[in-house]
Amino acid sequence: MAFRLALSGLNAASADLSVTANNIANTSTTGFKGSRAQFSEVFSVSAQGVSSTATGNGVRVSDVTQQFTQGNIDFTDNSLDLAVSGQGFFVLAGSGAQAYTRAGAFRVDREGYVVNSINQRLQMFPPTAQGGFNTGALSDLRLVTSESPPAATSAVEMILNLPANAVPPPNSPFSATDPDSYNHSSSMTVYDSLGAAHTASIFFVKTAVPNQWEQRLSIDGNAVGAPQLLQYSDQGRLLTPAGGAVAFPPYTPTTGAAPMSLAYDFGETTQYGGAFSVNAITQDGFTTGRLIGIDTAASGVVQARFTNGRSIALGQIALANFANPNGLQQLGDTNWAETFTSGQSLLGQAGNSGLGLIQSGALEASNVDITEQLVSMITAQRNFQANAQMISTSDAITQTIINIR
């Protein structure tokens, strides 16, 4: 009997050593979660129950539980390295099934999809036309490789001051090449529908009427439309046109692009003092852009940045949580699968519904405490030695009985 009891102890200690060895071996594995062996005593139970004099039948391994505590966040220089700070798992798709992981070491494959080391694709909530994300569907996260399309300039806002003491220029009629035929000018870059840049120049000519200015527009040296009048009050505020909106007729560029129709907003212009000053010029067009970087927000929103200053939301990284994470099935490669015990996956957005935040340019380290594991190893070793000694003692007793004559 004692042999079997001690043998069960040897098996339990050996299993404990195996779990400890696996934890130690994965100390440097990204996203790894350590395990703990749990043991239960064994009794023989009859119809009458357990006898008060029963000594038990040894020990067995009742479970090996995973410890889903947070690992340290190690920062890297790779923008595709992702870590979850808090609860949640990244969702992966591959081989027709979903998997879940805390290991966020991702890269881009030749088709532009974000994948892990075994080519499982990271899942996201796709963007909608309204600017949000469709949280009812999952799709593969793919980094765009095409250029950002251009947009033609249609609206320009100018904030400037015209000198109140200005007099009409000495030369007439107006000529863009004659600086003595206008008082002041300002230029800016505008874009056509193909993304080609053009120079738009605004000229201001003081008229003989008090507080009145004539302004003209030229694009690439070509006059656009007739001159427009700006009338200011004796307090220096713009009176006409109402609201300061001036629309010019279409200008057809030589690039083959669609005609450009520019609307200028002079509502914030003033006529004060004796100096001409331009405080701000803005326009809504932009040229073609090339992809220069990927940014991931703490909420999981992935933005593609382009050389034209534009950013496009590619999607929002999906996170999954479970009612019982300890019920997840380990698949290897730091992946888990959903089981009946774990419950169904609950998909959500980072920062919502108890899910953690996503840290870009970082990886979650293994949560294994090497010091704790070394102590566990010593304890398991002592348990093994004690049970082995029990077998040796039982053998000696048995041998003594055999030697009785």
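Just above, that's the structure.
As the structure is a computational prediction, the values presented were derived from the model and not from experiment.

**Q** Sorry, what's going on with the pattern of salt bridges here?
**A** Pairing is possible between side chains that carry opposite charge, provided their charged atoms lie close to one another. One pass over the structure, following the stated rule, counts six salt bridges. With a shortest N-O distance of 2.5 Å, glutamate 364 and lysine 33 are connected by a salt bridge. Taken together, the residues glutamate 364 in strand E27 (residues 362-364) and lysine 33 in the loop between helix H1 (2-25) and strand E1 (35-41) connect sequence positions 331 residues apart. Summarising the burial analysis for this pair, glutamate 364 and lysine 33 share the class buried. The closest approach of N and O atoms between arginine 102 and glutamate 364, which form a salt bridge, is 2.9 Å. Of this pair, arginine 102 sits in the loop between strand E6 (97-101) and strand E7 (107-108) while glutamate 364 sits in strand E27, placing them 262 residues apart in sequence. On the accessibility criterion, glutamate 364 (0% relative accessible area) is buried. Look at the salt bridges and you will find they share partners, linking Lys33, Arg102 and Glu364 into a network.

**Q** Which parts of the structure should I look at to understand helix H2 (residues 370-402)?
**A** Helical geometry note: an α-helix holds 3.6 residues per turn, so side chains three or four residues apart project in the same direction. Taking 1.5 Å of rise per residue, the 33 residues of H2 would be expected to cover 48 Å, and the 48 Å separating its terminal C-alpha atoms lies within 8% of that figure. Here H2 has its buried residues at Gln373, Ala380, Asn387 and Ser394. Elements that come into contact with the buried residues of H2 comprise H1.

**Q** Looking at this structure, how should I read the sheet that holds strand E15 (residues 222-232)?
**A** Across a sheet, paired strands are connected by hydrogen bonds in the backbone, their directions being either parallel or antiparallel. Strand order in the open sheet formed by five strands is E12-E13-E14-E15-E16, with antiparallel pairing between adjacent strands. Looking along the sheet, the strands with just one partner apiece sit at the ends: strand E12 (184-191) and strand E16 (238-240). Adjacent strand axes in the sheet meet at a mean angle of 35° when their direction is disregarded. The sheet contact formed by strand E14 (residues 212-219) and E15 spans seven bridges and is antiparallel. Bridge pairing in E15 links isoleucine 219 to asparagine 222.

**Q** Would you mind going over the side chain of arginine 102 with me for this structure?
**A** When its relative accessible area of 5% is taken as the criterion, arginine 102 is described as buried. Engagement of the side chain of arginine 102 in a polar contact is seen with the side chain of glutamine 70, the distance being 3.3 Å. There is a polar contact of 2.8 Å between the side chain of arginine 102 and the backbone oxygen of glycine 86. Not counting chain neighbours up to four residues away, the residues in contact with arginine 102 comprise Gly31, Lys33, Gln70, Val84, Gly86, Gln87, Gly88, Phe89, Phe90, Thr334, Trp336 and Glu364.

**Q** Sorry, what's going on with the environment of glycine 136 here?
**A** Mapped onto the elements of the fold, glycine 136 is located in the loop between strand E9 (121-125) and strand E10 (139-140). On the basis of relative accessibility, which here comes to 70%, the residue glycine 136 falls in the exposed class. When the C-alpha atoms of glycine 136 and proline 126 are compared, they prove to be 9.3 Å apart, with 10 residues separating the residues in sequence.

**Q** Just to check I follow, could you spell out the environment of alanine 298 for this structure?
**A** Residue position: alanine 298 is located in the loop between strand E20 (291-296) and strand E21 (301-306). Classification of alanine 298 as partly exposed rests on a relative accessible area of 38%. Among all residues touching alanine 298, those that are not within four sequence positions of it are Ala350, Leu357 and Ile358.

**Q** Help me out: how do you make sense of the environment of arginine 290 in this one?
**A** On the secondary structure map, arginine 290 appears in the loop between strand E19 (277-283) and E20. Under the relative-accessibility criterion, arginine 290 is labelled exposed at 52%. With 45 residues separating them along the chain, arginine 290 and asparagine 335 place their C-alpha atoms 35 Å apart. Not counting the four nearest positions on each side in its chain, arginine 290 is found in contact with Glu147, Arg305, Phe306 and Thr307.

Reading the values: the criteria
- Residues numbered from 1 in each chain as written.
- Predicted model: local features only at pLDDT ≥ 70, side-chain atom pairs only at ≥ 80, totals over all residues.
- Heavy atoms only, no water.
- Salt bridge = Lys/Arg side-chain N within 4 Å of Asp/Glu carboxyl O.
- Helix = DSSP H or I, 4+ residues; strand = E, 2+ residues; numbered from the N terminus.
- Buried < 20%, exposed > 50% of the residue type's maximum accessible area, 1.4 Å probe, protein only.
- Expected span 1.5 Å × (residues − 1).
- Contact = heavy atoms within 4.5 Å.
- Pairing = 2+ DSSP bridges.
- Axes fitted to C-alpha atoms, helices over the stretch in contact; angles between N-to-C directions.
- Polar contact = N/O pair within 3.5 Å; in protein donor to acceptor, adjacent residues only side chain to side chain.

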